[in-house]
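Reading the structure
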There are 2 protein chains.
Amino acid sequence: MVATDSLSLIFSALSDPTRRSILGRLAHGELSVTELAGPYEMSLPAITKHLKVLEKAKLITRGKEAQWRPCQLEAKSLKKADDWISTYRSHWEESFDRLDEYLKTIQKDENQPGEKSGKSKKRK
Amino acid sequence: MVATDSLSLIFSALSDPTRRSILGRLAHGELSVTELAGPYEMSLPAITKHLKVLEKAKLITRGKEAQWRPCQLEAKSLKKADDWISTYRSHWEESFDRLDEYLKTIQKDENQPGEKSGKSKKRK
DNA sequence: ATATTATTCAAAGCTAGAGGTAAATACTCA
DNA sequence: TGAGTATTTACCTCTAGCTTTGAATAATAT
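Report follows, based on the coordinates. (Residues numbered from 1 in each chain as written. Chains lettered and ligands numbered in written order. Predicted model: local features only at pLDDT ≥ 70, side-chain atom pairs only at ≥ 80, totals over all residues. Heavy atoms only, no water.)

Description of the overall build of chain A
The helix and strand inventory of chain A stands at six helices and two strands. Secondary structure elements of chain A occur, N-terminal to C-terminal, as α-α-α-α-β-β-α-α. Within chain A, the fraction of its 124 residues that count as buried is 35%. Counting only contacts in chain A whose residues sit at least 6 apart along the sequence, the fraction spanning at least 24 positions is 47%. Accessible surface computed for chain A: about 8,200 Å², of which carbon and sulfur atoms make up 52%. (Helix = DSSP H or I, 4+ residues; strand = E, 2+ residues; numbered from the N terminus. Buried < 20%, exposed > 50% of the residue type's maximum accessible area, 1.4 Å probe, protein only. Contact = heavy atoms within 4.5 Å. Areas by Shrake-Rupley, 256 points an atom, 1.4 Å probe, with all protein chains shown as cover.)

Below you can see the structure in the form of structure tokens.
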């Protein structure tokens, strides 16, 4: 990754299934690295690195308790991602409307068939 | 990227600022590659590659109109990302509650000071 | 002090990402 | 057909990402 802005870090962190799964498990409460690593067929150092990525994206915070460095979900960063995506919410709601419109259009076209699909907008 | 599941493709596509910006501009309507490339200090082939990434993630669809391959936003995939994130929505709402609790806790501790921060949960 | 448990660091391998330039392809119009 | 415009392919470079193994560090318990 070249970009280091917070949104890019967040989306990049979320682009790995293991990391998403880790977040999912942290949603039920704090876990240590070893506990976290349990289900995955992956070395501990690999998990450590995934945690680093999540930490850099501020999707988790880490504590210190004896020899454990427990991980905790930090949902505020997920909210950041959600805020970005939510600006498009109207678009996917709209697309149902477009589907409706489309369906109405076919019905109409069944009576008066004509152009195949040509919308020939002119471009300079 | 190793993962090829749709969520990973989507989040990975969103992890680049240029690609997010492209989606933002497509939100206002269909655009050709050259129109899209305009604002960025980047070669056309670079833009083509970004579009490929967006297309693979099904965040855009492409048309064919004379020598143009216009791009269109496909919001359904954004909804997929939104659905994943939304399972955590309760967590960031909750975190305000936790802040409240925390603030109450300090107020109490100002009267009877004691342990620095020790929550010493036992772990086997 | 030593053994045990938990976690991280270092080095290396390999694949993919992001960008560039130059050339090829696709379509339109005269 | 040939010129012009739009887009993609091929190829190259460089950096970053994911994973491994083996060794190092940190804290606890004996």
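Section: the protein's contact with DNA strand C
By nearness alone, 24 residues border DNA strand C, and Thr34 and Lys52 of chain A together with Met1, Lys49 and His50 of chain B come closest of all. When the atoms of DNA strand C within 4 Å of the protein are sorted by group, sugar and phosphate make up 75%. A distance of 3.1 Å separates a phosphate oxygen of DNA strand C from a polar side-chain atom of Thr48 of chain A. Contributing elements (two or more residues each) for the surface near DNA strand C: helix H3 (33-37) and helix H4 (44-56) of chain A together with helix H4 (44-56) of chain B. (Near = heavy atom within 4 Å. Polar contact = N/O pair within 3.5 Å; in protein donor to acceptor, adjacent residues only side chain to side chain.)

Focus on the environment of Gln67 of chain A
Among the structural elements, Gln67 of chain A can be located in the loop between strand S1 (60-62) and strand S2 (71-73). Once the C-alpha coordinates of Gln67 of chain A and Ser32 of chain A are considered, the two residues, 35 residues apart in sequence, prove to be 9.7 Å apart.

Side note on the interface of chain B and chain A
Counting residues at the interface gives 37 residues for chain B, matched by 36 residues for chain A. Both sides of the chain B and chain A interface together cover about 3,500 Å² of buried area, and 60% of this is carbon and sulfur. At the junction of chain B with chain A, the criterion picks out four salt bridges. A salt bridge links Arg20 of chain B to Asp5 of chain A; its shortest N-O distance comes to 2.9 Å. (Buried area = accessible area lost by both parts, 1.4 Å probe. Salt bridge = Lys/Arg side-chain N within 4 Å of Asp/Glu carboxyl O.)

Quick notes on the relation of the copies chain B and chain A
Structural alignment of chain B on chain A gives an RMSD of 0.0 Å, achieved by rotating through 180° and translating 0.0 Å along the axis. Considering both components of the superposition, the chain copies are consistent with a two-fold axis. When the interface residues of chain B are mapped onto chain A, 97% of them are again interface residues, pointing to one common binding face. (Least-squares fit on C-alpha atoms with pLDDT ≥ 70 in both.)

Topic: the side chain of Ser77 of chain A
Position of Ser77 of chain A among the secondary structure elements: in helix H5 (residues 75-86). Ignoring anything within four residues of it in the chain, the contact list for Ser77 of chain A reads Ile10, Ala57, Lys58 and Leu59 of chain A.

Let's talk about the pattern of salt bridges
A side chain of one charge can pair with a side chain of the opposite charge when the charged atoms of the two come close. Residues and elements named next belong to chain B. Summed over the entire model, instances satisfying the criterion amount to eight salt bridges over all chains. Asp82 serves as the salt-bridge partner of Arg89, at 3.5 Å between the closest nitrogen and oxygen. For Arg89, a relative accessible area of 25% corresponds to the partly exposed category. For Asp82, a relative accessible area of 5% gives the class buried.

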